[in-house]
Amino acid sequence: MTVRAADRAKALGVEQALEGLRQELESAPRLGVLLGPPRTDGTEVRKTRIEPRNDLPGLAVAYVYTPSPPPPTIAIVAVTPDDGTVAE
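## With respect to the environment of L31
Take L31: it is sitting in the loop between α2 (15-27) and β1 (33-34). What makes L31 partly exposed here is its relative accessible area of 23%. Taking C-alpha positions, L31 is 9.8 Å from Y63, a pair spaced 32 residues apart along the chain. When residues no more than four places from it in sequence are discounted, the contact partners of L31 are L21, E24, L25, R46, K47, T48 and Y63.

Structure representation (structure tokens):
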């Protein structure tokens, strides 16, 4: 997780939820939607969502998946509140 994403998670009070997502991404690194084309080195930028529950707001989370050099690496780079509505 980048420092900026960690700071944002702390400000939103969602560190535990983000840690849970980070652990899930370790076993399933291609969750969510691919944002743009993958690079020739296999690096992908993806976005996923943490659904709202109890006192946790919905969150949009962007992360980067880098398959090489081994082992593959995932870095959560952005965390934003997501109310689930689509702007028109």
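## Details of the pattern of salt bridges
Per the counting criterion, the structure on display carries seven salt bridges. With a shortest N-O distance of 2.7 Å, R49 and E51 are connected by a salt bridge. Close ionic contact of R49 with D82 constitutes a salt bridge, the shortest N to O distance being 2.7 Å. Linking R49 in strand β2 (residues 44-50) with D82 in the segment after β4 (73-81), this pair joins segments that are 33 residues apart in sequence. Through salt bridges with shared partners, a single network forms among E19, R22 and E26.

Here is what the cut-offs are and how they apply
- Residues numbered from 1 in each chain as written.
- Predicted model: local features only at pLDDT ≥ 70, side-chain atom pairs only at ≥ 80, totals over all residues.
- Heavy atoms only, no water.
- Helix = DSSP H or I, 4+ residues; strand = E, 2+ residues; numbered from the N terminus.
- Buried < 20%, exposed > 50% of the residue type's maximum accessible area, 1.4 Å probe, protein only.
- Contact = heavy atoms within 4.5 Å.
- Salt bridge = Lys/Arg side-chain N within 4 Å of Asp/Glu carboxyl O.

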